[in-house]
Amino acid sequence: MEKPNYKKEEKSYTIKPNQWKSFFSNFSVVIAVAIGIVLVLFFLDWVVGLDIFLLPLELWEIELDVHKLIINFILSVFGIAILLGGLNYFFLKGLNFTFYEDLFTIQRSIFSVMLSSYEVPYKNISKVDFNREGVFNKIFNSGTVNVDLTGMKKRFVKLDFIDNPEQISEYIQKLIFRYNRLEQAKFTEKHKISKIMGGL
């Protein structure tokens, strides 16, 4: 685990994914797939009858009610969707993106227990953009902020289920611009001092 080296007193701004939007997005996808499967099953039952698929089981004297199987399938999928959505909710609840003057950190925790912390210096960011792909993101004004990296083990970082991704992308770009401008000013000042000291 990499330990952050930033100073506590530095100004910071924390961004968190929207857990509820993530929950409803994933839940909707699972339910939509389940509905599609159920519609296909009802269509097959109407065209050829699903009982034909149970004929091999009758040889073993196993009797099954097709309609009960479909209902149990629907209930099972509904339960799985809630479970997966809940796990994803708690995972995102402990995910924080905190921005400082010269870097931002990605911290993952669960029940206040830190699992991991990763630093991304602004000098290693090559590109920042965003996307709102999907109907859900467009309706709820959420999306993904993509951060391309250079000179690090990770090649990119994604900030998923972020509210107002366009504004967040612009905010990160401004932080990088300000950092680069300050570094350039420091370099220029250092160069001037070197020239003065060299002339003594």
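Located above this text is the structure these notes cover.
Residues numbered from 1 in each chain as written. Predicted model: local features only at pLDDT ≥ 70, side-chain atom pairs only at ≥ 80, totals over all residues. Heavy atoms only, no water.

J.: Is there a simple way to think about the overall build of the protein in this case?
T.: Within the protein one finds five helices and seven strands. Sequence-ordered secondary structure for the protein, helices as α and strands as β, is β-α-α-α-β-β-β-β-α-β-β-α. Here the protein, with 200 residues, has 32% of them falling under the buried criterion. Considering only intrachain contacts with a sequence separation of at least 6, the fraction spanning at least 24 residues in the protein is 56%. On the protein, roughly 14,100 Å² of surface is accessible, and the fraction owed to carbon and sulfur atoms is 63%. (Helix = DSSP H or I, 4+ residues; strand = E, 2+ residues; numbered from the N terminus. Buried < 20%, exposed > 50% of the residue type's maximum accessible area, 1.4 Å probe, protein only. Contact = heavy atoms within 4.5 Å. Areas by Shrake-Rupley, 256 points an atom, 1.4 Å probe, with all protein chains shown as cover.)

J.: Which parts of the structure should I look at to understand the side chain of Asn96?
T.: Within the secondary structure, Asn96 sits in strand S2 (residues 95–99). A polar atom in the side chain of Asn96 sits 2.8 Å from the side chain of Lys16. With residues up to four places along the chain from it excluded, the contact list for Asn96 reads Thr14, Ile15, Lys16, Thr105, Ile106 and Gln107. (Polar contact = N/O pair within 3.5 Å; in protein donor to acceptor, adjacent residues only side chain to side chain.)

J.: Teacher, can you tell me more about the sheet that holds strand S7 (residues 156–163) here?
T.: For sheets, the rule is that strands pair by backbone hydrogen bonds, running either parallel or antiparallel. Sheet architecture is open: three strands sit in the order S5-S6-S7, paired in antiparallel fashion. Looking at which strands have only one partner, the edges of the open sheet turn out to be strand S5 (125–131) and S7. Going across the sheet, the axis of each strand differs from the next one's by a mean of 15°, ignoring polarity. By the bridge criterion, six bridges tie S5 to strand S6 (residues 142–149) in an arrangement that is antiparallel. Across the sheet, the residue bridging to Asn131 is Thr144, located in S6. (Pairing = 2+ DSSP bridges. Axes fitted to C-alpha atoms, helices over the stretch in contact; angles between N-to-C directions.)

J.: For this particular structure, what's the right way to read a nonpolar patch on the surface?
T.: There is a patch of nonpolar side chains on the surface, built from Phe90, Ile110, Phe111, Val113 and Leu115 and spanning about 520 Å² of accessible area. Given a relative accessible area of 37%, Ile110 falls into the partly exposed group. (Patch = residues over 30% accessible without salt bridge, like charges linked within 9 Å, V, L, I, M, F, W, Y side chains within 5 Å. Salt bridge = Lys/Arg side-chain N within 4 Å of Asp/Glu carboxyl O.)

J.: Looking at this structure, how should I read the sheet that holds S2?
T.: Strand order in the open sheet formed by four strands is S1-S2-S3-S4, and the pairing between neighbours is antiparallel. Where the open sheet ends on each side, the last strands, each with one partner, are strand S1 (13–15) and strand S4 (113–121). Along the sheet, successive strands turn relative to each other by an average axial angle of 20°, direction set aside. Of the strand pairs in this sheet, strand S3 (residues 103–110) and S4 are connected by eight bridges, and their pairing is antiparallel. Bridge assignment links Arg108 to a residue of S4, and that residue is Ser116.

J.: Help me understand the packing of aromatic side chains, please; the structure alone is not making it clear to me.
T.: The way to describe two aromatic rings as a pair is by their centre distance and the angle between their planes. Within the structure shown, the criterion is met by four aromatic pairs. Relative to Tyr179, the ring of Tyr122 has its centre 6.1 Å away and its plane inclined at 70°; by these criteria the two rings are edge-to-face. With Tyr122 in the loop between S4 and S5 and Tyr179 in helix H5 (residues 165–199), this pair connects stretches of sequence that are 57 residues apart. Accessibility expressed as a relative area gives 12% for Tyr179, which makes it buried. (Phe/Tyr/Trp six-rings, centres within 6.5 Å; stacked < 30°, edge-to-face > 60°.)

J.: So what exactly am I meant to see when it comes to unusual backbone geometry here?
T.: Outside of glycine, negative phi angles account for most residues, and trans bonds account for most peptide bonds. You will see that Phe161, though not glycine, has its phi angle at about 55°, which is positive. In this fold, Phe161 is placed in strand S7. Positive phi, close to 50°, is recorded for Asn164, a residue that is not glycine. Topologically, Asn164 is positioned in the loop between S7 and H5.

J.: When you look at the nonpolar core in this model, what are you seeing that I'm missing?
T.: In this structure, Phe99, Phe104, Ile125 and Val147 are the most contacted members of the largest nonpolar core, which totals 24 residues. Sort the elements by how many residues they give to this core and H5 lands first, with five residues. (Core = buried A, V, L, I, M, F, W, Y, C linked by side-chain atoms within 4.5 Å.)

J.: How do you make sense of the environment of Leu149 when you look at a structure like this?
T.: Structurally, the position occupied by Leu149 is in strand S6. Residue class for Leu149 comes out buried when judged on its relative accessible area of 10%. In this structure the C-alpha to C-alpha distance between Leu149 and Lys127, which are 22 residues apart in sequence, comes to 7.3 Å. Setting aside chain neighbours within four positions, we find Leu149 in contact with Val120, Asn124, Ile125, Ser126, Lys154, Arg155, Phe156 and Val157.

Remember, this is a structural readout, not a statement about activity or role.
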